[in-house]
Amino acid sequence: MNPIGLLFIAVGAFAACGGIFNWEWYMNSRRARFFSAILSRTGARIFYVIVGTGIAVLGAMVTGGLVELGKK
């Protein structure tokens, strides 16, 4: 079990939850305001849910040993 994968799961879940629950403090951060300006608030929320879910899935794959990070 790779602890980096657990970190990826936590970060991805956090990003996805920020989009799902429409946290005001999260969506008013500098980076989220950038995406809101380009994609609209709803588009930015969808973007964060998709990216967060992808990061969490990658973390699950790393934790499960399906993907190895940093090895040649």
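The structure reproduced in this document is the subject of the present report. In this text the structure is predicted, and so the values were computed from the model without any measurement.

## Re the packing of aromatic side chains
Then, in step 1: Tallied over the full model, the rule gives twelve aromatic pairs.
Then, in step 2: Aromatic side chains F14 and Y26 sit 5.5 Å apart centroid to centroid with 85° between the ring planes, which places their arrangement in the edge-to-face category. One end of the pair, F14, is in helix α1 (residues 3-20); the other, Y26, is in helix α2 (residues 24-27), and twelve residues separate them in sequence.
Then, in step 3: A relative accessible area of 11% means that Y26 is categorised as buried.
Then, in step 4: Relative to W25, the ring of W23 lies with its centre 5.5 Å away and its plane at 10°, an arrangement referred to as stacked.
Then, in step 5: W25 gets classed as exposed once you look at its relative accessible area, which sits at 56%.
Then, in step 6: A network of ring pairs unites the aromatic residues F14, F21, W23, W25, Y26, F34, F35, F47 and Y48 as a single cluster.

Rules of the game
Residues numbered from 1 in each chain as written. Predicted model: local features only at pLDDT ≥ 70, side-chain atom pairs only at ≥ 80, totals over all residues. Heavy atoms only, no water. Phe/Tyr/Trp six-rings, centres within 6.5 Å; stacked < 30°, edge-to-face > 60°. Helix = DSSP H or I, 4+ residues; strand = E, 2+ residues; numbered from the N terminus. Buried < 20%, exposed > 50% of the residue type's maximum accessible area, 1.4 Å probe, protein only.

From the geometry alone we can't say anything about function, so treat these as descriptive.
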